[in-house]
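Next come the chains, spelled out residue by residue.
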Amino acid sequence: MTRNDCAAWLLEHDNYCILTHVRPDGDTMGSAAALCVGLRQLGKNAHLLQNDGVSPFLDRCQLGLTNNWPEDGDTLVCVDVASPGMLPEDWKCLQDRIDLRIDHHGTATSFTPGELVDSSAAACGEIVYDVLMAMGCEMTKEIAWRLYIAISTDTGCFRYANTTANTYRVAAACAETGAELYPITQELFDTTSISELKLQNWMVDHAVFLCGGKAAVCAIPPELEESVSKEDLEGISGFLRSIEGVKISATIRKTETGCKMSVRAIPGFDAAAVCRKFGGGGHKGAAGASLSMSMEEAARAAAEALTEVVAG
C-alpha cells in the first residue's frame with residue numbers, strides 16, 4: 001500500500017482494534033495511540049488493545065483508549081510490528097485476524113492481507129503522521145505529543161543516523177500544535193535514575209569487549225533487573241554502544257522462554273544482520289531477537305555473531 005491507499009482503506013472500514021508489540025517502546029505506543037486518536041476524530045470507533053507490558057511513562061499514550069480484547073467484528077491493525085514473533089504471547093492467537101500492518105522495519109515479515117511498510121522512515125510515527133494527514137485529520141495536541149514520543153524514541157532524540165529531513169518536518173508539525181514537548185524530551189533523554197546509573201556501572205565491570213573494543217556483549221542477570229524499573233531496562237540497550245570505541249553491542253536479558261538479545265550499531269555495522277542469525281530482525285542501527293537458550297549460551301552466540309559482523 002501507499003500512504004494514500006492506506007488512508008482510503010482506513011476511511012472505508014470501522015471498529016478498529018490496534019495492536020502494539022511486546023515490550024512496547026515509544027514508537028509502537030505513540031504511533032498506535034496517535035492513529036487511534038485520529039480515527040476517533042474522524043468519527044470512527046477505535047481502541048488500542050491494552051498492553052500490560054508498557055512502562056509507566058509510556059502508559060500515558062494508551063490511557064483512555066483501550067479495550068481488554070477485540071470485540072466481534074473488529075478490524076485489527078498492528079503498528080510497528082515487524083513479525084508475528086513481536087506480538088505479546090497472549091495475542092499470537094490473533095495473528096490470522098490482523099487486517100492491516102503499518103510498519104517501518106526493513107526486515108519485516110509479510111503476514112497480513114494489507115500492509116504499509118516503509119523502511120526509509122526513521123520511525124513508524126512518521127508513516128502514521130502521513131496517513132492521518134491523508135485522511136484529513138486535524139493535527140491536534142493530543143495527536144502531536146504521542147507522535148513526538150514515537151519519532152523521538154526511535155531516533156534517540158534525533159541523534160541517530162536514521163534521522164532524516166522528514167523526521168524533522170514531522171517534529172515541527174508536532175511543535176506547531178503548541179503541545180508541551182520539552183517534558184517528554186527531559187523524561188526520555190535527560191533523566192537518569194540512580195538505579196540505572198548503578199546498572200550502567202555494573203555493565204561496565206561485567207561486559208565482554210571484543211575485536212579490540214569495537215564490539216561488546218553483556219548478559220544482565222534477572223536478579224539485577226529486579227532493582228531496576230522497566231523504563232531503565234528498556235533504555236539500557238544502547239548503553240554499551242555509547243562507550244568510546246564500541247561500534248556494535250549486544251545486551252542479553254532473561255525471558256520466560258529463553259533470552260532476549262538487543263543489538264545496537266553505528267552506521268557501517270549491521271545490527272539486523274546479527275539478529276537475523278537467530279530469527280530476529282529490525283534495523284541496521286537497532287535490532288532484536290529471541291533466543292531459546294541459556295544466558296551463558298546466548299552471550300557466547302552473540303559474541304560470535306558480533307565478531308563475524310565486525311570482521312566483515
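This is a predicted model, so every value here is computed, not measured.

J.: Is there a simple way to think about the overall build of the chain in this case?
T.: Of regular secondary structure, the chain possesses twelve helices and twelve strands. Here the C-alpha radius of gyration of the chain, 19 Å, is about what a compact globule of 312 residues would show, namely 20 Å. The principal-axis extents of the C-alpha atoms in the chain amount to approximately 55 × 40 × 35 Å. Within the chain, the fraction of its 312 residues that count as buried is 51%. Between the mean site of the 25 positive side-chain charges and the mean site of the 42 negative ones, the chain shows a separation of 5 Å.

J.: Explain unusual backbone geometry here, please?
T.: Glycine aside, a negative phi is what most residues show, and trans is what most peptide bonds show. We note that Cys 157 has phi near 60°; this positive angle belongs to a residue other than glycine. With respect to the helices, strands and loops of the structure, Cys 157 is situated in the loop between helix H5 (141-154) and helix H6 (165-176).

J.: When you look at the packing of aromatic side chains in this model, what are you seeing that I'm missing?
T.: Two aromatic rings are characterised by how far apart their centres lie and by the angle between their planes. A complete count under the given rule lists three aromatic pairs for this structure. Taking 6.5 Å as the distance between ring centres and 50° as the angle between the ring planes, the aromatic pair formed by Trp 9 and Tyr 16 counts as tilted. Between Tyr 148 and Phe 158 the ring centres are 6.1 Å apart and the planes differ by 50°, which places this aromatic pair in the tilted class. With Tyr 148 in helix H5 and Phe 158 in the loop between H5 and H6, this pair connects stretches of sequence that are ten residues apart. As far as burial versus exposure is concerned, Tyr 148 and Phe 158 are alike and both buried. An aromatic cluster is present here, built from Tyr 148, Phe 158 and Tyr 168 joined pairwise through their rings.

J.: Sorry, what's going on with the sheet that holds strand S11 (residues 281-282) here?
T.: Through backbone hydrogen bonds, the strands of a sheet pair up, either in parallel or in antiparallel fashion. Taken in spatial order, the six strands make up an open sheet running S7-S8-S9-S10-S12-S11, and their pairing is mixed. Edge positions in the sheet fall to strand S7 (208-210) and S11, since each of these pairs with one other strand and no more. Pairing between strand S10 (residues 258-265) and strand S12 (residues 286-291): six bridges, direction antiparallel. For Met 261, the partnering residue across the bridge sits in S12 and is Ala 289. Sheet strands touched by helix H8 (residues 194-206): S7, strand S8 (215-220) and strand S9 (248-255). Its angle to S8, the strand with the most contacts, is close to 120°.

J.: Could you clarify how one ought to interpret the pattern of salt bridges in this entry?
T.: Proximity of charged atoms lets side chains of opposite charge pair with each other. Under the defined criterion, the tally for this structure stands at nine salt bridges. Here Asp 270 and Arg 276 are joined by a salt bridge, their closest N and O atoms 3.9 Å apart. Its relative accessible area of 44% is what places Arg 276 among the partly exposed residues. The network of salt bridges with shared partners includes Arg 3, Asp 118 and Asp 130.

J.: Just checking my understanding: could you explain the pairing of S12 for this structure?
T.: Regular strands have side chains that alternate between both faces of the sheet. Here S12 shows one buried face, formed by Ala 287, Ala 289 and Leu 291, and one open face, formed by Ala 286, Gly 288 and Ser 290. Pairing of S11 with S12 involves two bridges; the strand directions are antiparallel. Bridge assignment links Gly 281 to a residue of S12, and that residue is Gly 288. The loop that links S11 with its antiparallel partner S12 comprises three residues.

J.: What's the story with the nonpolar core in this structure? I'm lost.
T.: Counting 52 residues, the largest nonpolar core has Leu 10, Ile 18, Leu 35 and Met 135 as the members making the most contacts within it. Per element, the largest residue contribution to this core is eight residues, and it comes from helix H2 (residues 26-41). Beyond its immediate stretch of four places on either side in the chain, Met 135 contacts Ala 7, Leu 10, Leu 11, Leu 35, Leu 39 and Leu 42.

J.: Looking at this structure, how should I read H6?
T.: Note: α-helices contain 3.6 residues per turn, so residues at a spacing of three or four share the same orientation. Helix length check: H6 (twelve residues) gives 17 Å between terminal C-alpha atoms against 16 Å at 1.5 Å per residue, within 8%. Of the residues trailing H6, Gly 178 is marked for its positive phi of about 85°.

J.: Please explain the sheet that holds strand S4 (residues 75-79) as it appears in this structure.
T.: Spatial ordering of the open sheet is given by S3-S2-S1-S4-S5-S6, a layout of six strands whose pairing is parallel. The open sheet has two free edges, formed respectively by strand S3 (66-67) and strand S6 (114-117), since each of these has just one partner strand. In this sheet, strand S2 (residues 46-49) lies alongside strand S1 (residues 16-19) in parallel orientation, the contact comprising three bridges. Within S2, the residue paired with Cys 17 across the bridge is His 47. Packing against the sheet, helix H1 (residues 3-12) makes contact with S1, S4, strand S5 (98-103) and S6, and its axis sits at approximately 145° to S5. In the packing of H2 onto the sheet, contacts are made with S1, S2, S4 and S5, and the angle to S2 comes to roughly 160°.

What counts, and at which threshold
- Residues numbered from 1 in each chain as written.
- Predicted model: local features only at pLDDT ≥ 70, side-chain atom pairs only at ≥ 80, totals over all residues.
- Heavy atoms only, no water.
- Helix = DSSP H or I, 4+ residues; strand = E, 2+ residues; numbered from the N terminus.
- Rg over C-alpha atoms; globule rule 2.2 N^0.38 Å.
- Buried < 20%, exposed > 50% of the residue type's maximum accessible area, 1.4 Å probe, protein only.
- Lys, Arg positive; Asp, Glu negative; His and termini not counted.
- Charge placed at Lys NZ, Arg CZ, Asp CG, Glu CD.
- Phe/Tyr/Trp six-rings, centres within 6.5 Å; stacked < 30°, edge-to-face > 60°.
- Pairing = 2+ DSSP bridges.
- Contact = heavy atoms within 4.5 Å.
- Axes fitted to C-alpha atoms, helices over the stretch in contact; angles between N-to-C directions.
- Salt bridge = Lys/Arg side-chain N within 4 Å of Asp/Glu carboxyl O.
- Core = buried A, V, L, I, M, F, W, Y, C linked by side-chain atoms within 4.5 Å.
- Expected span 1.5 Å × (residues − 1).

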